[in-house]
4 protein chains.
Amino acid sequence: MSVEAILQTHPRPLVADAGVLARCVDECGECAGHCTICADASLAEDDVRDMERCLRLCLDCADTCVATARILARQTSADPAIQHRQLEACLIACGNCAAECERHAQQHEHCRLCAEECRRCERACQDLLAALAPA
Amino acid sequence: MSVEAILQTHPRPLVADAGVLARCVDECGECAGHCTICADASLAEDDVRDMERCLRLCLDCADTCVATARILARQTSADPAIQHRQLEACLIACGNCAAECERHAQQHEHCRLCAEECRRCERACQDLLAALAPA
Amino acid sequence: MSVEAILQTHPRPLVADAGVLARCVDECGECAGHCTICADASLAEDDVRDMERCLRLCLDCADTCVATARILARQTSADPAIQHRQLEACLIACGNCAAECERHAQQHEHCRLCAEECRRCERACQDLLAALAPA
Amino acid sequence: MSVEAILQTHPRPLVADAGVLARCVDECGECAGHCTICADASLAEDDVRDMERCLRLCLDCADTCVATARILARQTSADPAIQHRQLEACLIACGNCAAECERHAQQHEHCRLCAEECRRCERACQDLLAALAPA
C-alpha cells in the first residue's frame, strides 16, 4: 500500500522526490494506526498505571501524524514553512513516543511493534525534511 | 504495510477476525491518503470548476475514513452501535466519492486511482460490518 | 464563539437554517475538546481501571465529532446521504459517551461536565438531522 | 463556549495558566471551523482559480489546529518538546493562512472573517508558547 502512484499523477511538480515524499505520507498513516492501537492496548493492560506516559504519547503521535500526512500529501501552492514546521513536530513526537514504547517493549509486544513503526516514521520525516526546498 | 501484526498482540479479544479488521483499518488509512491527494490534485486542474463535487466528496471521505480507522482500531470496551454507525457512514462516503471520481477517471488519472481505492475501502467496510457482532 | 457569522457569508445556499447548522458545528467542536480532556483526565485518575470504558468512548466521540463538524461545515456540493449518516454516527457516539460519563459524574467533575456537553451535542445533531433535506 | 471549566477539574497540574491554555485550545477549535468553511466557500466562488492558495492554506491550517488543540488539551504526562513544536507549527500555519486570506478580504467576507480568526489563534498560540515551561 502506498500513495506513490497517485502522487505521480499530480498535475503540479511534487515538493520532493516522489519516493521520499510517498514514504513519509505512508509512514505517517501507518504510524497513526500503530499508535492508536498501542494506546488502546495499553489501556487494557493490567499495568495501565505504568502505561500512562506511553498511552499519552501514542495519542499525541497519532494526532500529529494525521496532520502531517495531510499537509505533506498536498502539492498545490505548498507553503515550505508550514511543511517544515509540521514535519519537525512530527519527528519529535515519533522519536519521543518511540523512546517511551521501547521502555515497555519487553513486557508488551504492541509497544515493541509501535516503537519500530515510530522509528521508521521518524526516519521518513527526517529524510523528507532533508529533501524539501528550504523554508 | 498493515496493522494486522500489532492488532494480534492486543490483550483483549478483537471485535472481529484480525484479517478482516486489519484490512478495514488499513484501507481507511490508504483511502484517506488517496482522497487528500485527489482533492489537492483536482484543485490544480484547469477544469477545477468541474471538479467541485469531486474535491468536496474527497475531503468528506478523507475525514470519515480517519475517524473510522481510529474507532475500529480500538478493541478495549468497544461499543458495537458506534462501530456499526461509523462504518455505515464511511462506506456511504467511500461509495459516493468513488462514483464521482469514476465520472472523471478518463480525464484525470488521480480520479481513476482514487475511485479504485474508494471501492476497495467500501468493500473492506462492508466485509467488516458483516463480521462484527450485531449492534 | 460560533461559526454562524462565517457560514452566513457562504456563496451557496446553506444545507439547513444557519442557526441550527452553526450550533451543530459549534457543539461538535466543543464536544471534541471536552471528550479529549475527559479521556486525558480519566487516565490520570486513581481509579483509571474503572474509567476504561469512559476513556475509550471519549476518544471515539472526539474522533466522530471532528469528522462530523467538518462534513457539516461544508455547503458546496453537499451529499445528503453522507451528511445524514455521519450525523447519525455522531449522535450515537455522543449519547453513549454521555451515558457512561453520567455513571462517573458524582466521583469526577470532568465526567459531569463532559456528559453535559455530550448531551448538548447529541441534541444539536438531532436538531440538524430534523432540519436537513431528506437523504 | 470554552474548555476552561473542564480543564480546571483535571486531577493533574495544568501545563500553563488555565485561562491561557483554554484560550489556545478554544481558538484552535474555532480556527479549524473557520478554515474548513473558508476553504469550502472559496471552492464555490467564481474566482476559484485565484483562491487556490487560500483554499490550500485553509485546509492545512484546519489540520494543524485540530492536532494542536488535542495535544495541548492533554495534561497527563505532557511532553514539553512535542507541545512546543506543535504550537510553533500551528502559529506558522495560522499566520500564513491569515496573510493569504487578508489578500482576499475585500472581495470575500469569509476570507475577512477567517483571517481575523487565524490572527486570534496565532496570538493564542504565541501566548501559550510564552507561558509553557521550556522544552
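Our structure is the block above this text.
In this text, all values refer to a predicted model and were calculated from it rather than measured experimentally. (Residues numbered from 1 in each chain as written. Chains lettered and ligands numbered in written order. Predicted model: local features only at pLDDT ≥ 70, side-chain atom pairs only at ≥ 80, totals over all residues. Heavy atoms only, no water.)

(A) How the structure looks around the overall build of chain A. Within chain A, the secondary structure is distributed over 5 helices and 0 strands. Moving toward the C terminus, one meets the helices and strands of chain A in the order α-α-α-α-α. Relative to the globule expectation of 14 Å for 135 residues, the C-alpha radius of gyration of chain A, 15 Å, shows essentially globular dimensions. By principal-axis analysis of the C-alpha atoms, chain A measures approximately 50 × 30 × 20 Å. Within chain A, residue pairs in contact and separated by at least 24 positions form 72% of the contacts whose partners lie at least 6 positions apart. When the accessible area of chain A is evaluated, it comes to approximately 4200 Å², of which 48% is carbon and sulfur surface. For chain A, the distance from the average site of its 13 positive side-chain charges to the average site of its 22 negative ones is 5 Å. (Helix = DSSP H or I, 4+ residues; strand = E, 2+ residues; numbered from the N terminus. Rg over C-alpha atoms; globule rule 2.2 N^0.38 Å. Contact = heavy atoms within 4.5 Å. Areas by Shrake-Rupley, 256 points an atom, 1.4 Å probe, with all protein chains shown as cover. Lys, Arg positive; Asp, Glu negative; His and termini not counted. Charge placed at Lys NZ, Arg CZ, Asp CG, Glu CD.)

(B) Representation of the interface of chain A and chain B in the model. Listed as interface residues are 35 residues of chain A and, on the opposing side, 35 residues of chain B. Taken over both partners, the interface formed by chain A and chain B buries close to 3100 Å², and the fraction arising from carbon and sulfur atoms is 68%. Three residues, Met 1, Ile 6 and Ile 37 of chain A, lead the burial of chain A against chain B; their summed loss comes to 24% of the area buried on that side. The interface formed by chain A and chain B includes 2 salt bridges. A salt bridge links Asp 63 of chain A to Arg 70 of chain B; the shortest N-O distance between them is 2.8 Å. Here chain A is connected to chain B by 11 residue pairs in polar contact (both at pLDDT 80 or more). (Buried area = accessible area lost by both parts, 1.4 Å probe. Salt bridge = Lys/Arg side-chain N within 4 Å of Asp/Glu carboxyl O. Polar contact = N/O pair within 3.5 Å; in protein donor to acceptor, adjacent residues only side chain to side chain.)

(C) Looking closely at the relation of the copies chain B and chain D. Between chain B and chain D, which share one sequence, the superposing operator has a rotation angle of 180° and an axial displacement of 0.0 Å; the RMSD is 0.0 Å. Considering both components of the superposition, the chain copies are consistent with a two-fold axis. Looking at chain B, 100% of its interface residues are interface residues in chain D too, so the copies touch through the same face. (Least-squares fit on C-alpha atoms with pLDDT ≥ 70 in both.)

(D) Examining the pattern of salt bridges more closely. Counted according to the given criterion, the structure contains 69 salt bridges over all chains. When the shortest N-O distance is used, the salt bridge between Glu 52 of chain B and Arg 49 of chain B registers 3.1 Å. Look at Glu 52 of chain B and you get buried, because its relative accessible area is 9%. The network of salt bridges with shared partners includes Arg 56, Asp 60 and Asp 63 of chain A, Arg 70 and Arg 74 of chain B, Arg 56, Asp 60 and Asp 63 of chain C together with Arg 70 and Arg 74 of chain D. (Buried < 20%, exposed > 50% of the residue type's maximum accessible area, 1.4 Å probe, protein only.)

(E) Representation of the relation of the copies chain A and chain B within the structure. Overlaying chain A on chain B yields an RMSD of 0.0 Å, the required transformation being a rotation through 180° with an accompanying axial translation of 0.0 Å. By residue overlap, the copies meet face to face through one surface: 100% of the interface positions of chain A are interface positions in chain B.

(F) A look at the interface of chain B and chain D. Taken together, the contact between chain B and chain D spans 12 residues of the former and 12 residues of the latter. Between chain B and chain D lies a buried interface of about 900 Å² when both sides are counted; carbon and sulfur atoms form 60% of it. Together, Leu 43, Val 48 and Arg 49 of chain B form the three largest contributors to the area buried by chain B at its contact with chain D, with a combined 52%. For the pair chain B and chain D, the number of links is 0 salt bridges. Counting across the chain B and chain D interface gives 4 residue pairs in polar contact (both at pLDDT 80 or more). Going through the elements one at a time, helix H2 (18–44) and helix H3 (52–73) of chain B are the ones with two or more residues in the side of chain B that touches chain D. Per-class residue counts for the side of chain B that touches chain D are 5 nonpolar, no polar and 7 charged. (Nonpolar A, V, L, I, M, F, W, Y, C, P; charged D, E, K, R; others polar.)

(G) Summary view of the side chain of Thr 68 of chain C. Along the polypeptide, Thr 68 of chain C turns up in helix H3 (residues 52–73). Look past the residues within four positions of Thr 68 of chain C in its chain and what remains in contact with it is Cys 28, Gln 86, Leu 87 and Cys 90 of chain C.

(H) The arrangement of the packing of helix H4 (residues 80–103) of chain C against helix H5 (residues 109–131) of chain C in detail. All names here are of chain C. For the pair H4 and H5, the least separation of the axes is 8 Å and the interaxial angle reads 155°. Classified by the angle between their axes, H4 and H5 sit roughly antiparallel to one another. Once H4 is placed against H5, the crossing between them reads as left-handed. Contact with H4, carried on its side by His 84, Leu 87, Glu 88, Cys 90, Leu 91, Cys 94, Gly 95, Cys 97, Ala 98, Ala 99, Cys 101 and Glu 102, involves Cys 111, Cys 114, Ala 115, Cys 118, Arg 119, Cys 121, Glu 122, Cys 125, Gln 126, Leu 128 and Leu 129 of H5 and no other residues of that element. (Axes fitted to C-alpha atoms, helices over the stretch in contact; angles between N-to-C directions. Parallel < 35°, antiparallel > 145°, perpendicular 65-115°, else oblique. Left-handed = near helix turned anticlockwise from the far one by under 90°.)

(I) Spatial organisation of helix H3 (residues 52–73) of chain A. Helix length check: H3 of chain A, at 22 residues, gives a terminal C-alpha distance of 32 Å against a target of 32 Å (1.5 Å per residue), a fit within 8%. The buried fraction of H3 of chain A is high, at 21 of 22 residues. (Expected span 1.5 Å × (residues − 1).)

(J) A look at unusual backbone geometry. One non-glycine residue with positive phi stands out, namely Ser 77 of chain B, at about 50°. Here Ser 77 of chain B shows up in the loop between H3 and helix H4 (80–103).

(K) Local environment of the environment of Gln 83 of chain B. Note on placement: Gln 83 of chain B falls in helix H4. By relative accessible area, Gln 83 of chain B is classed as buried at 2%. Separated by 50 residues in the primary sequence, Gln 83 of chain B and Ala 133 of chain B place their C-alpha atoms 10.0 Å from one another. Beyond its immediate sequence surroundings of up to four residues, Gln 83 of chain B is in contact with Val 15, Ile 71, Leu 72, Arg 74, Ala 78 and Leu 132 of chain B together with Arg 56 of chain C. Engagement of the side chain of Gln 83 of chain B in a polar contact is seen with the backbone oxygen of Arg 74 of chain B, the distance being 3.5 Å.

(L) Geometry of the state of the cysteines. Across all of its chains, the model carries 0 disulfides over all chains by this definition. Cys 38 of chain A takes part in no disulfide bond, and the closest cysteine sulfur to it belongs to Cys 111 of chain A, at a distance of 3.9 Å. A relative accessible area of 0% means that Cys 38 of chain A is categorised as buried. Take Cys 125 of chain C: it sits in no disulfide, and the sulfur closest to it among the cysteines is that of Cys 90 of chain C, at 3.9 Å. (Disulfide = S-S within 2.5 Å.)

(M) Representation of the environment of Arg 74 of chain A. With respect to the helices, strands and loops of the structure, Arg 74 of chain A is situated in the loop between H3 and helix H4 (80–103). Placed 67 residues apart in sequence, Arg 74 of chain A and Leu 7 of chain A show a C-alpha to C-alpha distance of 9.1 Å. Dropping the residues within four chain positions of it, Arg 74 of chain A is found in contact with Gln 83 of chain A, Thr 36 and Asp 40 of chain B together with Arg 56, Leu 59, Asp 60 and Asp 63 of chain D. Of note is the side chain of Arg 74 of chain A, whose polar atom sits 2.7 Å from the side chain of Asp 60 of chain D.

(N) Representation of the environment of Thr 64 of chain C within the structure. Examined against the element boundaries, Thr 64 of chain C turns out to sit in helix H3. At 2.9 Å, the side chain of Thr 64 of chain C and the side chain of Gln 86 of chain B are in polar contact.

(O) Summary view of the side chain of Gln 75 of chain A. The topology assignment puts Gln 75 of chain A in the loop between H3 and H4. Every residue in contact with Gln 75 of chain A, bar those within four places of it in the chain, is listed here: Leu 7, His 10, Arg 12, Pro 13, Leu 14, Val 15 and Leu 21 of chain A, Asp 40 of chain B together with Arg 56 of chain D.

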